[in-house]
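This is what each chain is made of:
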Amino acid sequence: MEYILIFIAAVFVNNIVLAQFLGICPFLGVSKKVSTALGMTGAVTFVMVLATLVTFIVQKTILDPFNIGFMQTITFILIIAALVQMVEIILKKVSPALYQALGVFLPLITTNCAVLGVAIMVIQKEFNLLESIVFAASIAIGFGLALTIFAGIREQLNLVNVPKGMQGSPIALVTAGLLAMAFMGFSGIV
């Protein structure tokens, strides 16, 4: 039951993008097409879960025993950067079309504060390893859900007559705000 609560809270109630405002750059940058949003979701999910696993192990086996917790942020950033490079190499070989579609946003996962935020949050919340993995996967699913819904709305907005002053970024930001308010309806569930 505890894992279900972690899942519901991470996906809907405390959505990383819409409630905690982490990962806004890829949220706004990769959300013009649903296919690109889904690809970014896959890449972020893989990196987030793997980064959480590796950083949790490093925290518990190196940083905590040697009392060097002050090195947490820089250590986690280096681990995430290495994992993103690995994902980039794999995507380039496995799916060149997706690699091209993600463009500059794939390397930006390195600086995606959502990935670093999750790695730090699991330590702060004192989750065990399994809870950490469930939390990271749930956060990634919530990120992907918000990104995909937003991309679908933006694709539909291209088909309607939006006033000239609201085209582009303004309507995207208004839409993101409305989506965040819709997700606020889930507050109080967990």
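Residues numbered from 1 in each chain as written. Predicted model: local features only at pLDDT ≥ 70, side-chain atom pairs only at ≥ 80, totals over all residues. Heavy atoms only, no water.

### Describing the nonpolar core
Then step 1. Counting residues in hydrophobic clusters, the biggest one holds 52 residues, and the most contacted among them are Phe27, Met48, Ile109, Val118 and Phe135.
Then step 2. Listing elements by their share of this core, those giving two or more residues are helix 1 (2–13), helix 3 (34–63), helix 4 (72–94), helix 5 (96–102), helix 6 (113–124), helix 7 (129–157) and helix 8 (169–184).
Then step 3. With 10 residues, helix 3 is the single largest residue contributor to this core. (Core = buried A, V, L, I, M, F, W, Y, C linked by side-chain atoms within 4.5 Å. Buried < 20%, exposed > 50% of the residue type's maximum accessible area, 1.4 Å probe, protein only. Helix = DSSP H or I, 4+ residues; strand = E, 2+ residues; numbered from the N terminus.)

### Brief notes about the layout of surface pockets
Leftover empty space is mapped by rolling, across the atoms, a probe with the size of a water molecule.
Then step 1. The volume enclosed by the largest pocket comes to roughly 260 Å³.
Then step 2. Lining the largest pocket are 13 residues, and of these Arg154, Gly168, Ser169, Ile171 and Ala172 sit closest to its centre.
Then step 3. For the lining of the largest pocket, the secondary-structure elements that each account for two or more residues are helix 7 and helix 8.
Then step 4. For the lining of the largest pocket, the element with the most residues is helix 8, which contributes 4 residues.
Then step 5. Looking at side-chain class alone, the lining of the largest pocket contains 7 nonpolar, 4 polar and 2 charged residues. (1 Å grid on protein atoms, 1.4 Å probe; cavity = no way out; pocket = protein on both sides within 12 Å on 5 of 7 lines; lining within 4 Å. Points joined across faces, edges and corners; volume = space filled by probe spheres on them. Nonpolar A, V, L, I, M, F, W, Y, C, P; charged D, E, K, R; others polar.)

### Focus on a nonpolar patch on the surface
Then step 1. Together, Met1, Ile4, Leu5, Ile189 and Val190 line one region of the surface with nonpolar side chains, adding up to about 510 Å² of accessible area.
Then step 2. Along the polypeptide, valine 190 turns up in the segment after helix 8. (Patch = residues over 30% accessible without salt bridge, like charges linked within 9 Å, V, L, I, M, F, W, Y side chains within 5 Å. Areas by Shrake-Rupley, 256 points an atom, 1.4 Å probe, with all protein chains shown as cover. Salt bridge = Lys/Arg side-chain N within 4 Å of Asp/Glu carboxyl O.)

### Here we look at the side chain of threonine 75
Then step 1. Looking at the secondary structure, you find threonine 75 in helix 4.
Then step 2. For threonine 75, a relative accessible area of 18% corresponds to the buried category.
Then step 3. A distance of 2.6 Å separates a polar atom in the side chain of threonine 75 from the backbone oxygen of methionine 71.
Then step 4. Every residue in contact with threonine 75, bar those within four places of it in the chain, is listed here: Val58 and Leu63. (Polar contact = N/O pair within 3.5 Å; in protein donor to acceptor, adjacent residues only side chain to side chain. Contact = heavy atoms within 4.5 Å.)

### A word on the confidence of the model for the protein chain
Then step 1. Per-residue pLDDT for the protein chain has a mean of 91; in total, 99% of the residues score no lower than 70.
Then step 2. Confidence, read as mean pLDDT per element, is least for helix 5 in the protein chain (79) and greatest for helix 7 (96). (pLDDT = per-residue confidence, 0-100.)

### Looking at the environment of asparagine 128
Then step 1. Take asparagine 128: it is sitting in the loop between helix 6 and helix 7.
Then step 2. Distance in space between the C-alpha atoms of asparagine 128 and phenylalanine 56 is 8.8 Å, their sequence separation being 72 residues.
Then step 3. Leaving out residues up to four positions away in the same chain, asparagine 128 has contacts with Tyr3 and Phe56.

### Focus: the packing of aromatic side chains
The description of two aromatic rings rests on the distance between their centres and on the angle between their planes.
Then step 1. Inspection of every chain in the model, using the stated rule, returns 4 aromatic pairs.
Then step 2. On the numbers, 4.8 Å between centres and 40 degrees between planes, the contact of phenylalanine 12 with phenylalanine 186 is tilted. Highlighted residues: phenylalanine 12 in helix 1 and phenylalanine 186 in the segment after helix 8, separated in sequence by 174 residues.
Then step 3. The exposure class of phenylalanine 12 is partly exposed, given its relative accessible area of 25%.
Then step 4. Residue classification places phenylalanine 186 among the partly exposed residues on the basis of a relative accessible area of 29%.
Then step 5. Ring geometry for phenylalanine 27 and phenylalanine 150: centres 4.5 Å apart, planes at 15 degrees, overall stacked. Residue phenylalanine 27 is located in helix 2 (residues 24–29), and its partner phenylalanine 150 is located in helix 7; the two are separated by 123 residues in the primary sequence. Each of the two residues, phenylalanine 27 as well as phenylalanine 150, counts as buried. (Phe/Tyr/Trp six-rings, centres within 6.5 Å; stacked < 30°, edge-to-face > 60°.)

### Focus on the pattern of salt bridges
Then step 1. Under the definition given, this model contains 1 salt bridge.
Then step 2. The salt bridge partner of lysine 60 is aspartate 64, with a shortest N-O separation of 3.8 Å.

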